[in-house]
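Results of the structural survey
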Amino acid sequence: MKHLQVDLKNTSSFIDLEKFNNYENRVIENNEQVTKKTGKGNDFLGWVELPGHISQDQITEINSTAKSLREISEVIVVIGIGGSYLGAKAVIETLSGQFDYLKSEIENPHILFAGQNLSEDYHYELLDFLREKKYSVVAISKSGTTTEPAIAFRIFRQNLEARFGKEEASKRIVAITDKSKGALRDLTDQENYKSFVIDDDIGGRYSVLTPVGLLPIACAGFDINAIIEGSKSMMHIADKNSFKENPVYQYAAIRHLLYTKGKTTEILANYNPRLNFIAEWWKQLYGESEGKENKGIFPASVSFTADLHSLGQYIQEGLRNIFETVISIEKTRYDLTIPQDEDNFDKLNYLAGKPIDYVNKMAELGTTLAHVDGNVPNIKIILPEISEFYIGELIYFFEKACAISGYLLDVNPFDQPGVEAYKKNMFALLEKPGFEEETKKIKNRIS
Ligand code: PA5
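Values in this document were obtained by computation on a predicted structure and should not be read as measured data. (Residues numbered from 1 in each chain as written. Predicted model: local features only at pLDDT ≥ 70, side-chain atom pairs only at ≥ 80, totals over all residues. Heavy atoms only, no water.)

Concerning the site of the ligand
Around the ligand, the surrounding shell holds 13 residues, and the nearest of these are Ser84, Ser141, Ser143, Thr146 and Gln284. Interatomic distance of 2.9 Å between a backbone N/O atom of Gly83 and an oxygen atom of the ligand. Lys142 is positioned with one of its backbone polar atoms (N or O) 2.7 Å from an oxygen atom of the ligand. With the chains in place, 88% of the 390 Å² that the ligand exposes on its own is no longer accessible. (Near = heavy atom within 4 Å. Polar contact = N/O pair within 3.5 Å; in protein donor to acceptor, adjacent residues only side chain to side chain. Areas by Shrake-Rupley, 256 points an atom, 1.4 Å probe, with all protein chains shown as cover.)

Set out below in structure tokens:
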């Protein structure tokens, strides 16, 4: 069976092979810190063995909750932000039909998201759209206190209660939160909502393989067992203590080596817009894990070939602090060939009979070579195809590589102290009880 692979040949002209090989012992050591829980942030390593620990009973409970919601819902609104949003959104977008959202007759409910921003218009328009729809809510917040999802949950909970009555509304709400702390937990216990617990030792951005990601993904009609199987397969591959056989080691090592050579921005590229939200999830995973103590690779993303017509110029000739990581999909889900045309006015007959993906692959190769010529090293992550299994492999691959990358940088990859700064200012400006001193200070500052 094929597995995710990493191809580093288009980095070779930028690195000293001996220096790269010297990383072998370091990444093995860093991996040991992860698996033996001896490194920084070691109380947040519950995700490491998770794929092997999820029981069939847990999967069954998630699937049966999803089934109950699906039976009563045309739309399921998933409320959450950051790690309580991006993983589910990424997997659902990657696996879904790209025009399903326009279809009125579909097998699966539409999965829409709320509480991932504070836009009044977004939430107004969503509520308006739901006016005639049978819908349910999955409210996700580990802390149970995050402002964005809390506001959205208050609005949608009240709307459900007004439309369906309190009893029926409570059947349309599932909460995923801490076992004992936070406002969402209190509300859940008080209203007796069906709920799932996020374990203490799993941080938001590493939580996609818990109910946080799995319940919305199951609600969307995807096979969460296959996702777990894929992540389990990568968990075993990621434990091989041989550089050559371990794509996680290779990816973590090469990106760190490139960083030490001044390549401080990593652009995650795809040639398949299905993967656009995988990039958003990846940006949070790497940005929040590495960007601290004035260190870290800046994670950016592009979707080619579309962005070759916008950011392509910069990547080719702008500031030379970039390296590129391409997620390359070997096999398309569908076949569509370019037809012959008798008149050939568009001069495309030289491509007649060729699949569109053949042209896409040539665009990928041509771009890679051009970028390498432009001093942009290129890492390639190869996925055999887009399926639940390989998305499971990809998720675990990025999670494990991120933890090792954090340790290579000597930061704690599992905290996010910097996220608090904006919250403190926002609460001071909103005059939240308990922030009186900060309110006074900030008012002076802006007056
Ligand atoms: O990775 C993280 O921990 C964060 O991005 C959180 O997921 C995000 O802030 C949302 O937090 P919570 O789930 O507590 O509402």
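This is not the end of the story, as more comes after the structure.
Digging into the pairing of strand 10 (residues 378-385)
The buried fraction of strand 10 amounts to 6 of the 8 residues, a majority that puts the element mostly inside the structure. Taken together, the 3 bridges between strand 1 (residues 5-7) and strand 10 define a ladder with antiparallel strand orientation. Note on strand 10: the bridge partner recorded for Gln5 is Ile382. Judged from the 7 bridges that link them, strand 9 (residues 322-331) and strand 10 form a sheet pairing that is parallel. (Buried < 20%, exposed > 50% of the residue type's maximum accessible area, 1.4 Å probe, protein only. Helix = DSSP H or I, 4+ residues; strand = E, 2+ residues; numbered from the N terminus. Pairing = 2+ DSSP bridges.)

Description of a nonpolar patch on the surface
On the surface, Tyr358, Val359, Met362, Leu365 and Leu369 cluster together to form a nonpolar patch covering roughly 420 Å² of accessible area. By the element assignment, Met362 lies in helix 15 (residues 356-373). (Patch = residues over 30% accessible without salt bridge, like charges linked within 9 Å, V, L, I, M, F, W, Y side chains within 5 Å. Salt bridge = Lys/Arg side-chain N within 4 Å of Asp/Glu carboxyl O.)

Considerations on the nonpolar core
Here is a general trend for soluble globular proteins: nonpolar side chains tend to be buried in one another's company. Of all hydrophobic cores here, the largest spans 100 residues; its most connected members are Trp47, Leu215, Tyr251, Trp281, Phe397 and Phe398. Residues from two domains meet in this core; each of domain 1 (5-40 + 228-408) and domain 2 (50-225) gives at least three. Beyond its immediate chain neighbours, meaning those up to four positions away, Trp281 contacts Leu86, Gly87, Ala90, Arg205, Val208, Ile395, Phe398 and Glu399. Grouped together as the second largest cluster of nonpolar side chains are 19 residues, Tyr135, Val137, Ala152 and Tyr193 included. (Core = buried A, V, L, I, M, F, W, Y, C linked by side-chain atoms within 4.5 Å. Domains from an automatic or database assignment. Contact = heavy atoms within 4.5 Å.)

Some words on a negative patch on the surface
On the surface, Asp341, Glu342, Asp343 and Asp346 cluster together into a patch of negative charge. Topologically, Asp343 is positioned in the loop between strand 9 and helix 15. (Lys, Arg positive; Asp, Glu negative; His and termini not counted. Charge placed at Lys NZ, Arg CZ, Asp CG, Glu CD.)

Some remarks on the domain arrangement of the chain
One can read the domain layout of the chain as domain 1 (5-40 + 228-408) and domain 2 (50-225). Put simply, the middle of domain 1 and the middle of domain 2, counted by C-alpha atoms, are 30 Å apart. Each partner contributes to the interface: domain 1 provides 27 residues, whereas domain 2 provides 26 residues. Between domain 1 and domain 2, roughly 2,400 Å² of surface is buried when both sides are summed, and carbon and sulfur atoms account for 62% of that area. (Buried area = accessible area lost by both parts, 1.4 Å probe.)

Quick word on the pattern of salt bridges
Tallied over the entire structure, the rule returns 31 salt bridges. Between Asp7 and Lys9 there is a salt bridge, with its nearest N and O atoms 2.7 Å apart. Owing to a relative accessible area of 18%, Asp7 belongs among the buried residues under this scheme. Notably, a salt bridge pairs Lys295 with Glu293, separated by 3.8 Å at the nearest N-O pair.

Focus on the sheet that holds strand 3 (residues 110-114)
The sheet built from 5 strands is open, its strands ordered 3-2-4-5-6 with parallel pairing. What marks the edges here is a single partner per strand, and that holds for strand 3 and strand 6 (194-197). On average, adjacent strands in this sheet sit at an angle of 20° to one another, irrespective of strand direction. Here strand 2 (residues 75-79) runs beside strand 4 (residues 135-141); their pairing, made up of 5 bridges, is parallel. Along strand 4, the bridge assignment pairs Val77 with Val137. Lying over the sheet, helix 10 (residues 211-219) contacts strand 2, strand 3, strand 4, strand 5 (173-177) and strand 6, oriented at roughly 155° with respect to strand 5. (Axes fitted to C-alpha atoms, helices over the stretch in contact; angles between N-to-C directions.)

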